[in-house]
Amino acid sequence: WSGLQKAMKTIHPQLNKSAMGGPGFTLHETMVSLFLFSMVMVGLYMAFSRSILQTHAGSSQARFVGMARSVQQQVSKYVMQGKAIVVMGDWLYVMTTNNRYASISYQDQDGDPTTMTNNVIVYDPDIWVGGNEVYLCDYVSRIDGENIFSNLPFSPASVKMTFHIGDYTNAASADYYGTGQGYQGVEVRFSAAPRNLQYWYQ
């Protein structure tokens, strides 16, 4: 065995320390290595988590902006297709060219404005027919001091819509609503008028 060991040392001098029973890493070196490895892993995890939160927040904001554009386009189309409008609180009634009544309404389905997923804008193409309602968007809340539906002073035949889409205003913890880190949302303000007013006056 001693001859074989001597031959191995001659052929592979670098095996002298580890394979042949010599000193390898000390306990101190091992502990330092594990500590440095742990610090690197913690740093990578924190950077990854922060990136995920920022991505989630950005995608939520983009989703709310897309919802705002969509509801504006749809409501404007429904109003313009009518020949007269009537505003009654959180309801907007649209008389259509075939003398039916459609409605666009804001509905807080559980009475709690802070639960955003069931605060919705709903379109009903015929108020006398049940089960045909369409949800246009959720995450809707009022803007302080403003009505969701109102007539324009200089054009009473037109309607102005004002509301917020996104996290509840002054939410203590936006993460509770699953929309990412921080506060996301957009204020929606637009007006529309029936395009077929001549039918109403005739």
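Our structure's up above, just so we're on the same page.
None of these values were measured; they are calculated from a predicted model.

What is the right way to read the overall build of the protein chain from this model?
When helices and strands are tallied, the protein chain shows 3 helices and 9 strands. For the protein chain, long-range pairs separated by at least 24 residues make up 49% of all intrachain contacts whose partners lie at least 6 apart in sequence.

For this particular structure, what's the right way to read the packing of aromatic side chains?
Centre distance and the angle of the planes are the two values used to describe a pair of aromatic rings. Per the stated rule, a full pass over the model turns up 3 aromatic pairs. Considering the side-chain rings of F64 and Y139, the 5.2 Å spacing of their centres and the 50° angle between planes classify their relative orientation as tilted. You can see F64 sitting in helix 2 (residues 27-80) and its partner Y139 sitting in the loop between strand 5 (134-137) and strand 6 (140-141), a full 75 residues away along the chain. Each member of the pair, F64 as well as Y139, carries the same accessibility label: buried. If you follow R63 out to its NZ or CZ, it ends over the ring of Y139, 5.4 Å from the centre.

Sorry if this is basic, but what is going on with the pairing of strand 2 (residues 91-96) here?
Along any regular strand the residues' side chains alternate between the sheet's two faces. Here strand 1 (residues 82-88) pairs with strand 2 via 6 bridges, running antiparallel. Counted as the bridge partner of M88 is W91 from strand 2. Hairpin remark: strand 1 followed by strand 2, antiparallel, with 2 residues in the connecting loop; positive phi at G89, about 65°. Of the strand pairs in this sheet, strand 2 and strand 3 (residues 101-108) are connected by 5 bridges, and their pairing is antiparallel. Considered in strand 3, the bridge of M95 is made with Y101. With antiparallel pairing between neighbouring strands as the criterion, strand 2 and strand 3 make up a hairpin whose turn holds 4 residues, including N99 at a positive phi of roughly 60°.

In this structure, what is going on with a nonpolar patch on the surface? I would like to understand it.
On the surface, V32, F35, L36 and M39 cluster together into a nonpolar patch covering about 390 Å² of accessible area. Position of F35 among the secondary structure elements: in helix 2.

Would you explain the side chain of S76 in this entry?
Along the chain, S76 turns up in helix 2. Its relative accessible area of 13% is what places S76 among the buried residues. At a separation of 2.8 Å, a polar atom in the side chain of S76 contacts the main-chain carbonyl oxygen of Q72. With residues up to four places along the chain from it excluded, the contact list for S76 reads F190 and A192.

Mind showing me how you'd approach the sheet that holds strand 4 (residues 119-124) here?
Think of a sheet as strands paired side by side through backbone hydrogen bonds, with each pair either parallel or antiparallel. Strand order in the open sheet formed by 5 strands is 1-2-3-4-5, with antiparallel pairing between adjacent strands. Every interior strand has two partners, whereas the edge strands, strand 1 and strand 5, have only one. If you compare each strand with its neighbour and ignore which way they point, the axes differ by 25° on average. By the bridge criterion, 3 bridges tie strand 4 to strand 5 in an arrangement that is antiparallel. Pairing of V122 across the sheet is with Y135, part of strand 5.

Would you explain the nonpolar core in this entry?
For soluble globular proteins, the rule of thumb is that nonpolar side chains tend to be buried together. Counting residues in each nonpolar core, the largest one holds 29 residues, and the members touching the most others are V79, I104, F163 and I165. Contributions of two or more residues to this core are made by helix 2, strand 2, strand 3, strand 4, strand 5, strand 8 (155-166) and strand 9 (185-192). Contact partners of F163, with chain neighbours within four places excluded, come to V71, V140, S141, I143, I148, V186, E187, V188 and F190.

How should I be thinking about the pairing of strand 3 in this particular structure?
Bridge count between strand 3 and strand 4: 6 bridges; the pairing is antiparallel. Looking across to strand 4, one finds that Q107 is bridged to V120.

Would you mind going over the pattern of salt bridges with me for this structure?
Two side chains of opposite charge can pair, provided their charged atoms sit close to one another. In the structure shown here, the tally under the stated rule is 4 salt bridges. Of the charged contacts, one joins D90 and R142 as a salt bridge, the two residues approaching to 2.5 Å between their closest N and O atoms. Note that D90 is positioned in the loop between strand 1 and strand 2 and R142 in the loop between strand 6 and strand 7 (149-152), a separation of 52 residues in sequence. Among the residues examined, D90 registers a relative accessible area of 21% and is labelled partly exposed. What makes R142 partly exposed here is its relative accessible area of 39%.

Definitions and cut-offs
Residues numbered from 1 in each chain as written. Predicted model: local features only at pLDDT ≥ 70, side-chain atom pairs only at ≥ 80, totals over all residues. Heavy atoms only, no water. Helix = DSSP H or I, 4+ residues; strand = E, 2+ residues; numbered from the N terminus. Contact = heavy atoms within 4.5 Å. Phe/Tyr/Trp six-rings, centres within 6.5 Å; stacked < 30°, edge-to-face > 60°. Buried < 20%, exposed > 50% of the residue type's maximum accessible area, 1.4 Å probe, protein only. Lys NZ or Arg CZ within 6 Å of the ring centre and 35° of its normal. Pairing = 2+ DSSP bridges. Patch = residues over 30% accessible without salt bridge, like charges linked within 9 Å, V, L, I, M, F, W, Y side chains within 5 Å. Areas by Shrake-Rupley, 256 points an atom, 1.4 Å probe, with all protein chains shown as cover. Salt bridge = Lys/Arg side-chain N within 4 Å of Asp/Glu carboxyl O. Polar contact = N/O pair within 3.5 Å; in protein donor to acceptor, adjacent residues only side chain to side chain. Axes fitted to C-alpha atoms, helices over the stretch in contact; angles between N-to-C directions. Core = buried A, V, L, I, M, F, W, Y, C linked by side-chain atoms within 4.5 Å.

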